[in-house]
Amino acid sequence: MCGLCGTYAPDKTLDRSVAAAMHTRLVHRGPDETYSLDTPTLSAKLGRLGMTALKDGWQPAQDPSGRYTALTNGEIYNTAELRALLGGAPPDNRVDVAVLPELFARHGPAGLARVDGQFATVIHDRADDTLYLGRDRFGICPLFYAVLGTHVHFCSELKPLVRSVPRTWRLDLGAVDQYLALGNIVAPRTLVEDVRAVPPGCVVRFGDGAPETVRYWRYGDFRPADRPATGEEIRAAVAHSVTDRLRADVEIGAYLSGGFDSSTLVLEAARAREKPTRTFSVLFDDVTLDEGRFQREVADAVGSEHHQIRCAPAHVAAEFEDMVRHCCYPQRETYNVAALMLARQVRLTGLKGVISGEGADELFFGYDSYAFDGARRKPPERHAENEQAWGRADFAWETDRARTARRRELCLAPRALQALPGQEYWRDRLIPFDDRETATLTRMQLRSIADVYVQLSGHLLGDHGDMMLMANSVEGRYPFLGNPVVTLALGVPDERKVADFEGKACLKEAYAGIMPERILHRAKQGFTAYGLADTADERTLARWRDLVAATGVFRPDALTALGADPTPDKWDVRLSLISISAIIDELGLRS
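First things first, this report covers the structure right here in the doc.

Calculation rules
Residues numbered from 1 in each chain as written. Predicted model: local features only at pLDDT ≥ 70, side-chain atom pairs only at ≥ 80, totals over all residues. Heavy atoms only, no water. Helix = DSSP H or I, 4+ residues; strand = E, 2+ residues; numbered from the N terminus. Rg over C-alpha atoms; globule rule 2.2 N^0.38 Å. Buried < 20%, exposed > 50% of the residue type's maximum accessible area, 1.4 Å probe, protein only. 1 Å grid on protein atoms, 1.4 Å probe; cavity = no way out; pocket = protein on both sides within 12 Å on 5 of 7 lines; lining within 4 Å. Points joined across faces, edges and corners; volume = space filled by probe spheres on them. Nonpolar A, V, L, I, M, F, W, Y, C, P; charged D, E, K, R; others polar. Contact = heavy atoms within 4.5 Å. Polar contact = N/O pair within 3.5 Å; in protein donor to acceptor, adjacent residues only side chain to side chain.

**A short note on the overall build of the protein chain**
1) Next: Counting its secondary structure elements, the protein chain contains 25 helices and 17 strands.
2) Next: Computed over its C-alpha atoms, the radius of gyration of the protein chain comes to 23 Å, within 12% of the 25 Å expected for a compact globule of 591 residues.
3) Next: With respect to the principal axes defined by its C-alpha atoms, the protein chain has extents near 70 × 60 × 50 Å.
4) Next: Put simply, the protein chain has 591 residues, and 63% of those count as buried.

Shown next as structure tokens:
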């Protein structure tokens, strides 16, 4: 992974100092080298975190005609396959992402659907001076942009963009409502009114006229396979994806939570290498949170050099707000502090990359909610709001209308409540499917799609993954999101994913007799950490109350009102308000 930023000004009124300012704020993402792409209308920079082709690779890369030039952040794992498809002599530039300009030249945005990897790319068409911003299928690599007059500014992180472009930035109240309802912000929205995220699986074109977003791939086109996938085929797909993501000129380690997903990857990594993979885990003082005994069992089974760090309430108290101000993404829990500490430990051991188990629950229906969907007997209540947001009146994902209304009442200041109509979360279509298409999906399939676009892309791969890892110059790689695994998962029927109220049934069946029994049959335990009561003293809470009150968008007494609310909630909304308020302060947003 790397840090990508720049400014595009087709009217040739380019201010190159903006790209330079963004780049200085992205050094943690790419400390090894700096590359530049400069034309009369474009100033782009890439800070490289060197992972492959350290001696014989470089950027920018061009297609053979010289028409398309690209700067790319990320990894392409099937470069050899793509080179064979394109033909021609082997290029001098051996960096994997150098294949993108030619792939784009031959096939346009649709060519990106052939990529097995993770990337954010800037492609410049010299012939007609147009710019394309593209992002991988699942949005593993972030990319933000702002269209301000005749200028387009883009950046791998939200904060450097906002802090480097001099203007008055405003809070997006619709994004706040999304978070109060969903606990997530869904691309293309961000907390900043004029800043958008390139949606996963999309390319945004800039040139003559308004920006045009082209989708080249989407998750959720379920097609039952001609025959059931065998356990051997499932393991082969996972093993292939793990092997690809261990390939680099530097050593790649592995996160090990002690759950089934990360343990599967560690087992496959051990098979793929002669040298045991270094593994990394978090320990907690609270026995209800700690998974150390399971982590150690897997590490011992594969003979890994295992590293553990301990996250205590004092660590969360010391680092929570700094973590929020770094990633500029709202929080529902405090576990990102543990993720930040873990990435720091990876870097201290000299590693630049880790594999991690995100994606298995979404693709193979691992959350408890899938089993509840399968067991549901009474049709859910229908609402027009659901139809607008999800394409189905009888589907609400994890939202509750009464609970969302209650959160608004307890959180939003009167002025914000008055301004909200017309900006409510449900007014955006939150998944890339129309009403006709959603009508053909089962409830579990629709939930899987919503999980990917609402929770996985923005949060689990975003602030929890990329931002915590890259704060420490570490790249995350996700084998369950590899093309072979995704293709297989889309062909597995619901009843093989959820059986006897257990999710990921086909995966667990495939690893029976290979995975330690205690890990194989563990109940799902989400990665979580300490609550607000465990980590914030009264002095800190008082300062956070003042921070919330100063926004103007939240009630001055919102934290007190939420703390006194007798009705249970899915998460501690006070953490959300504290984090949003810290972001408003950090970015200087007007409400």
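**Here we look at empty space enclosed by the protein**
1) Next: In total, this model carries 3 cavities of 30 Å³ or more according to the counting rule given.
2) Next: What the largest cavity holds in volume is close to 90 Å³.
3) Next: Together, 13 residues line the largest cavity, and R48, G74, E75, V95 and D96 are the ones closest to its centre.
4) Next: Counting residues per element, the lining of the largest cavity draws most heavily on strand 5 (residues 68–76), which supplies 3 residues.
5) Next: The residue makeup of the lining of the largest cavity, split by class, is 6 nonpolar, 4 polar and 3 charged.
6) Next: The calculated volume of the second largest cavity comes to roughly 70 Å³.
7) Next: Residue lining of the second largest cavity: Y179, G183, N184, Y329, P330, Q331, R332, E333, Y335 and H459, and that is the complete set.
8) Next: Its residues assigned to classes, the lining of the second largest cavity shows 4 nonpolar, 4 polar and 2 charged.

**Some thoughts on helix 14 (residues 401–411)**
1) Next: Inspection of helix 14 places R403, T404, R407, R408, L410 and C411 among the buried residues, and these make up the whole buried set.
2) Next: Among the structural elements, helix 5 (173–182), helix 15 (414–419), helix 24 (558–564) and helix 25 (573–587) are those in contact with the buried residues of helix 14.
3) Next: Among the residues of helix 14, the N-terminal cap falls to D400, whose side-chain oxygen and the backbone nitrogen of A402 are separated by 3.2 Å.

**Considering unusual backbone geometry**
1) Next: In the segment running from Q59 into P60, the intervening peptide bond is cis, with an omega of 0°.
2) Next: With respect to the element layout, P60 can be found in the loop between strand 3 (42–48) and strand 4 (61–62).
3) Next: Backbone torsion omega between A187 and P188 reads 15°, so that peptide bond is classified as cis.
4) Next: Mapped onto the fold, P188 is located in the loop between helix 5 and strand 10 (195–197).
5) Next: With a phi angle near 55°, K504 is a residue other than glycine that sits in the positive phi range.
6) Next: The buried category is assigned to K504, whose relative accessible area is 5%.

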